[in-house]
2 protein chains.
Amino acid sequence: MTDRLSMTFAALADPTRRAILARLLTGETTVSDLAKPFDMSGPAISKHLKVLEHAGLITRGREAQWRPCRIEPRALKNVDDWLERYRQFWEERLDRLEDFLNELQAESATGRRPTKASRHPKEKSHGRKK
Amino acid sequence: MTDRLSMTFAALADPTRRAILARLLTGETTVSDLAKPFDMSGPAISKHLKVLEHAGLITRGREAQWRPCRIEPRALKNVDDWLERYRQFWEERLDRLEDFLNELQAESATGRRPTKASRHPKEKSHGRKK
């Protein structure tokens, strides 16, 4: 059995499905309206919608004739939550790089060379956001 | 040809590969050390590492005997950038829900029933973060 987060990532690993999601940001719509910009058959679009629905990324209305698709942000929120620890990681890296560049700039202004310590700046524990 | 973002999402659509990334947050390591907690063969782990490397999520040292793996945050940063417009979407939804609940609470305190307008609160244009 595949876990939910893996299903979400697998569903997002396709440019057409990401374009469908982007289209749904502007509001709920029908399958035939969704299909128009893609030059794809209704069944091909329906297949993509099933993958998105199965992954919890969209929901569909229950009306028999008109089953509007709408975006369901919870699955994307789960991706965002998963990213959080990595966000801290790359923000620390950016902070270190920034410190290093500032130090280099200060040193070039005073004509000094960087010390060994400043060439390997230590990790910081704070992030950029929040 | 598969686009880079699709490759990143496809690489993340596997719990073992996400566990490898989480392990690499604590520092660079060798393939054999990585394999230990997973009860997997070296070749099986190597296959996962190739997918992660191909997707730009990790880089590997060039030493013949010891090729340490390290996390490369740029691909994850791209996922974060892609998520940004959806983040605004779900934050607006949360804001509307919050307004609605606050209104319900105020109304139950005064004994009034919610008006039709307050049952369908309008969109807000601001996000929660930034």
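Residues numbered from 1 in each chain as written. Chains lettered and ligands numbered in written order. Predicted model: local features only at pLDDT ≥ 70, side-chain atom pairs only at ≥ 80, totals over all residues. Heavy atoms only, no water.

### Looking at the packing of aromatic side chains
All names here are of chain A. Let me state the cut-off plainly: Classification of ring pairs rests on two measures: the distance between centres of Phe, Tyr or Trp rings, Trp counted by its six-membered ring, which must be within 6.5 Å, and the angle between planes, read as stacked under 30 degrees, edge-to-face over 60 and tilted in between. For helices the rule is a DSSP run of H or I covering at least 4 residues; for strands it is a run of E covering at least 2, with both sets numbered from the N terminus onward. Each residue is placed in one exposure class: buried if its accessible area under a 1.4 Å probe, protein chains only, is under 20% of its type's maximum, exposed if it is over 50%, and partly exposed if it falls in between.
Inspection of every chain in the model, using the stated rule, returns 5 aromatic pairs over all chains. Between F9 and W82 the ring centres are 5.4 Å apart and the planes differ by 75°, which places this aromatic pair in the edge-to-face class. With F9 in helix α1 (residues 4-12) and W82 in helix α5 (residues 74-110), this residue pair connects regions lying 73 residues apart in the sequence. Neither F9 nor W82 differs from the other in exposure class; each is buried.

### Some points on the packing of helix α1 (residues 4-12) of chain B against helix α4 (residues 42-54) of chain B
All names here are of chain B. Rules: Axes, fitted as lines to C-alpha atoms, cover a helix only where it is in contact. Angles between the N-to-C directions of the axes lie from 0 to 180 degrees. Note that the term roughly parallel is reserved for angles under 35 degrees, roughly antiparallel for angles over 145, roughly perpendicular for angles of 65 to 115, and oblique for everything else. Each crossing is labelled by how the near helix is turned from the far one, with a counterclockwise turn of less than a right angle marking it left-handed and a clockwise turn marking it right-handed. When checking whether two residues touch, look at their non-hydrogen atoms; a contact exists if any pair is within 4.5 Å. Each residue receives one of three labels: charged for Asp, Glu, Lys and Arg, nonpolar for Ala, Val, Leu, Ile, Met, Phe, Trp, Tyr, Cys and Pro, and polar for the others, Gly being one of them.
For the pair α1 and α4, the least separation of the axes is 9 Å and the interaxial angle reads 150°. The pairing of α1 with α4 is recorded here as roughly antiparallel in orientation. Here α1 and α4 pass one another in a crossing that is left-handed. Counted together, R4, M7 and A11 of α1 and V51, L52, E53 and H54 of α4 form the full contact between these two elements. Grouping the amino acids of the contact of α1 with α4 by side-chain chemistry returns 4 nonpolar, 1 polar and 2 charged.

### Regarding the confidence of the model for chain A
All names here are of chain A. Quick reminder of the rule: Residue-level confidence of the predictor is summarised by pLDDT, bounded by 0 at the bottom and 100 at the top.
Overall, the predicted model of chain A reaches an average pLDDT of 82, with 83% of residues at or above 70. Element-level mean pLDDT values for chain A span from 48 in helix α6 (residues 116-119) up to 97 in α1. Across residues 116-130, where pLDDT falls below 50, the model places 26 contacts with residues more than four positions away in sequence or in other chains. Scored by ipTM, the complex comes to 0.75, with pTM at 0.76.

### Comments concerning the side chain of H48 of chain A
Mapping H48 of chain A onto the fold places it in helix α4 (residues 42-54). Ignoring sequence-local partners within four residues, the contact set of H48 of chain A consists of D14, T16, R17, I20 and M40 of chain A.

### Describing the relation of the copies chain A and chain B
Put simply, the test is: Copy-to-copy alignment: least squares on C-alpha atoms, limited to residues at pLDDT 70 or above in both.
Note on the copies: chain A fits chain B at an RMSD of 0.1 Å, the axial shift is 0.0 Å, and the rotation between them is 180°. This pairing of chains is accounted for by a two-fold axis. Most of the interface of chain A is mirrored in chain B, where 100% of its interface residues again form contacts.

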